[in-house]
Amino acid sequence: MALLDRAIARLLPAVPRPLVQRISARYIAGETVAEACRTVKALNDEGQMATIDVLGEEIASREETLEIVRAYHDVFEAIEREGLESNVSVKLTGLGLKLGYELCKANLQTVVRHAAESGNFVRIDMEDSSCTNDTLRLYRELRAEGLDNIGVVLQAYLRRTILDVRDLLPLGTNVRLCKGIYVESPTIAYTEHQAVRDSFVESLDELLRNGAYVGIATHDEWLIERALELVEKHGLSKEQYEFQMLLGVRPQLGDRLVRDGHRLRIYVPFGEHWYGYSLRRLQENPKIAGYIAADTVGRVLRRDGA
Ligand SMILES: Cc1cc2nc3c(=O)[nH]c(=O)nc-3n(C[C@H](O)[C@H](O)[C@H](O)COP(=O)(O)OP(=O)(O)OC[C@H]3O[C@@H](n4cnc5c(N)ncnc54)[C@H](O)[C@@H]3O)c2cc1C
């Protein structure tokens, strides 16, 4: 990332919300289920699958967690009604993980049972390292109860991840593998770019070799090439893995994967709690300075033209 972009990424929390909302619009499918479904339908028409995320990271009360549970219920109904090719992704803090383990577990059970009613699937996103143990524990507990329509996420930047891979393999697991987005201490996380990639490749190799279904979640062309080599090395068919990308990030790269016959799932977030998610996406955008400049210049031009 260029120096100016890095500096702006750090200053983003000080940028006014309306500006953040405008320049992050391409990463968010809107505020309503109907808007999310329209986005998913358009992706499905392009041969891409989706995973819908109800944004809800700033949750502070039990009632708010129940609203998120209800929102997922509406999402499952809409997916079924409209015949969409989409599952869902949930954040455990949105279901109350920081308010209480048992509250979160009950909410997650409800969401996973709603999903099962229409043959759908729930991916549990992985949040910062304060959530890792509880997230993996909840995943194991629900699987032990026979709730099999769930999968978890592992983050390649965590030093523990290869051990988590080995722990999860006996469950016959469905894992999304990503680099990891939260700021973590070097004592627990690789911080160097290539070290994170190497850890990703090592974990992916172990998962694919042992028959796990993996959602290979990255926009990094180097990693995608390594993943394709591993798929070939292990002789996997196209149904045994999928690529995953975020809405609005490197769509041409995704189109290329689909043209080459690979399964691709796009992460489609929607909802009123768009701010935290938008900040993370913008901070990862290597051309953030350009976007802010384009937005500002665009508005000046529009004002002058009016
Ligand atoms: C489907 C999906 C689900 C995810 N779920 C989780 C999760 O549960 N927990 C978690 O911690 N992280 C999650 N992530 C985020 C992930 O951990 C990374 O932070 C993110 O994907 C960026 O890493 P990268 O592998 O794409 O590589 P990078 O090296 O960051 O990016 C590769 C290239 O992609 C482009 N790019 C990346 N981001 C952007 C952007 N925002 N705008 C424009 N261009 C961009 C750039 O050109 C960059 O050079 C998820 C990612 C995906 C794709």
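In the block above lies the structure referred to throughout.
What counts, and at which threshold
- Residues numbered from 1 in each chain as written.
- Predicted model: local features only at pLDDT ≥ 70, side-chain atom pairs only at ≥ 80, totals over all residues.
- Pairing = 2+ DSSP bridges.
- Helix = DSSP H or I, 4+ residues; strand = E, 2+ residues; numbered from the N terminus.
- Axes fitted to C-alpha atoms, helices over the stretch in contact; angles between N-to-C directions.
- Contact = placed C-beta atoms within 7 Å.
- Parallel < 35°, antiparallel > 145°, perpendicular 65-115°, else oblique.
- Nonpolar A, V, L, I, M, F, W, Y, C, P; charged D, E, K, R; others polar.
- Core = buried A, V, L, I, M, F, W, Y, C linked by C-beta atoms within 7 Å.
- Buried ≥ 20, exposed ≤ 12 C-beta atoms within 10 Å, placed from the backbone.
- Near = placed C-beta within 6 Å.
- Domains from an automatic or database assignment.
- Expected span 1.5 Å × (residues − 1).
- Arc of directions from axis to C-beta.

A. Fine view of the sheet that holds strand 2 (residues 86-90). Strand order in the closed barrel formed by 8 strands is 1-2-3-4-5-6-7-8, and the pairing between neighbours is parallel. Strand-to-strand twist of the sheet, defined as the mean angle between neighbouring strand axes without regard to direction, takes the value 30°. Lying on the sheet, helix 3 (residues 33-45) is in contact with strand 1 (49-54), strand 2 and strand 8 (264-270); it crosses strand 8 at an angle near 165°.

B. Region of the structure containing the packing of helix 4 (residues 62-82) against helix 5 (residues 101-117). It is at 9 Å that the axes of helix 4 and helix 5 come closest, and there the two elements cross at 10°. When the interaxial angle is binned, helix 4 and helix 5 end up roughly parallel. Residues Arg62, Thr65, Val69, Tyr72, His73 and Phe76 of helix 4 lie in contact with helix 5, whose contacting residues are Leu103, Asn107, Thr110, Val111, His114 and Ala115. For the contact of helix 4 with helix 5, the residue count by class is 6 nonpolar, 5 polar and 1 charged.

C. How the structure looks around the nonpolar core. Core analysis: the largest hydrophobic core is formed by 74 residues, its most contacted members being Tyr72, Val75, Leu92, Leu177, Val214 and Val268. Tallying contributions element by element places helix 4 first for this core, with 7 residues.

D. Focus on the environment of Ala25. Tracing the backbone through its elements, the reader meets Ala25 in the loop between helix 2 (17-23) and helix 3. The class for Ala25 is partly exposed, based on 14 C-beta atoms found within 10 Å. The spatial distance from the C-alpha of Ala25 to the C-alpha of Gly248 is 8.7 Å, given a sequence separation of 223 residues.

E. The site of the ligand, seen in detail. The full set close to the ligand counts 24 residues, and Asp125, Cys178, Thr218, His219 and Asn285 are the nearest of them. Those elements giving two or more residues to the shell around the ligand turn out to be strand 4 (150-155), strand 5 (174-178), strand 7 (241-246) and helix 11 (275-284). The biggest single contributor to the shell around the ligand is strand 7, with 3 residues. Taken together, the residues of the shell around the ligand sort by class into 11 nonpolar, 6 polar and 7 charged. Shared between two domains, the shell around the ligand takes at least three residues from each, and those domains are domain 1 (1-28 + 274-301) and domain 2 (33-264).

F. A look at the pairing of strand 1. Extensive coverage of strand 1 is indicated by the burial of 5 of its 6 residues. As judged from the 6 bridges shared by strand 1 and strand 8, these two strands associate in the parallel manner. Residue pairing in the sheet places Asp53 in a bridge with Pro269 of strand 8. Here strand 1 pairs with strand 2 via 4 bridges, running parallel. Considered in strand 2, the bridge of Asp53 is made with Ser89.

G. Layout of helix 8 (residues 193-209). Here helix 8 is 17 residues long and its end C-alpha atoms lie 24 Å apart, about the 24 Å a rise of 1.5 Å per residue gives. Burial in helix 8 covers these residues: Val196, Ser199, Phe200, Ser203, Leu204, Leu207 and Leu208. Viewed along the axis of helix 8, the buried residues span an arc of 155°, placing them on a single side of the element. Lining the buried residues of helix 8 we find strand 4, helix 7 (161-168), strand 5, strand 6 (213-217), helix 9 (221-233) and strand 7. One or two steps after helix 8, the chain reaches Gly211, where phi turns positive at roughly 80°.

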